[in-house]
Amino acid sequence: MFTALLIASLAAPSNLVSATATVDDLQADFETAVACRQIDGRNVWKGELAYYIQSYVYEGNAAASADRADVADAVLPEDNEPETVKEFEEACALAGSTGQARR
């Protein structure tokens, strides 16, 4: 099954993840990401390169959470504010090595 992956980022540089990560790299990372606690009712996963959050799908002018768990935005630690990264770290704190992979 093809997994749609949208790349979302905010500008805040850091050295946590290589800036050379490609969409293919992120796609492969997403396929093996570990499930975390939801944030604002949206599914969250943690990969080796990034965190992933369930995308919003727009129907007309209204945003609705995507029903499909395979549509997600990548949240790169290097491109986000520390507060944003902390929220994802907290959501994934219990996932660790005991969390369940996406597949």
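Within each chain, residues carry numbers counting from 1 in the order of the written sequence. For this predicted model, a pLDDT threshold of at least 70 governs which residues receive local features, and a threshold of 80 or more governs which side-chain atom pairs are given and counted, while totals over whole chains, interfaces and linings are taken from all residues. The basis for the side-chain values is all heavy atoms of the structure; hydrogens and waters are excluded.

> In this structure, what is going on with the confidence of the model for the chain? I would like to understand it.
Low-pLDDT stretches of the model should not have their predicted coordinates read in fine detail. A residue's pLDDT is the confidence the predictor assigns to it, expressed on a 0 to 100 scale. On average, residues of the chain carry a pLDDT of 75, and 60% of them reach 70 or more. In this description, contact between two residues means that some pair of their heavy atoms is separated by no more than 4.5 Å. Per-residue pLDDT stays below 50 along residues 1–17; that stretch engages in 46 contacts with residues further than four places along the chain or on separate chains.

> Would you take a moment to explain helix H2 (residues 82–92) for this structure?
Helical geometry note: an α-helix holds 3.6 residues per turn, so side chains three or four residues apart project in the same direction. Those residues of H2 lying buried are Val85, Phe88, Ala91 and Cys92. Buried positions in H2, seen along its axis, are confined to an arc of 120 degrees and lie on one side of it. Exposed side chains of H2 directed beyond 90 degrees from the buried face belong to Pro82 and Glu83. Only protein chains enter the calculation, and the probe is 1.4 Å; a residue is then buried if its accessible area is under 20% of its type maximum, exposed if over 50%, and partly exposed in between. A run of H or I in DSSP becomes a helix once it reaches four residues, and a run of E becomes a strand once it reaches two; helices and strands are each numbered from the N terminus. Throughout, the arc means that of the directions going from the helix axis to the C-beta atoms.

> Just to check I follow, could you spell out the packing of aromatic side chains for this structure?
The way to describe two aromatic rings as a pair is by their centre distance and the angle between their planes. Note on aromatic pairs: the rings of Phe, Tyr and Trp (six-membered ring only in Trp) are paired at centre separations within 6.5 Å, and the planes decide the class, stacked below 30 degrees, edge-to-face beyond 60, tilted for the rest. Counted under the stated rule, the structure contains 3 aromatic pairs. Each ring, one from Phe30 and one from Trp45, has its centre 5.3 Å from the other, and the planes form 85 degrees; the classification is edge-to-face. Highlighted residues: Phe30 in helix H1 (residues 23–31) and Trp45 in strand E3 (residues 44–46), separated in sequence by 15 residues. Each member of the pair, Phe30 as well as Trp45, carries the same accessibility label: buried. Plain terms: the ring middles of Tyr51 and Phe88 are 5.6 Å apart, the flat faces sit at 40 degrees to each other, and that makes the pair tilted. You can see Tyr51 sitting in strand E4 (residues 51–54) and its partner Phe88 sitting in helix H2, a full 37 residues away along the chain. Under the relative-accessibility criterion, Tyr51 is labelled buried at 7%. Residue classification places Phe88 among the buried residues on the basis of a relative accessible area of 6%. An aromatic cluster is defined as three or more aromatic residues linked by ring pairs; in this entry it consists of Phe30, Trp45 and Tyr52.

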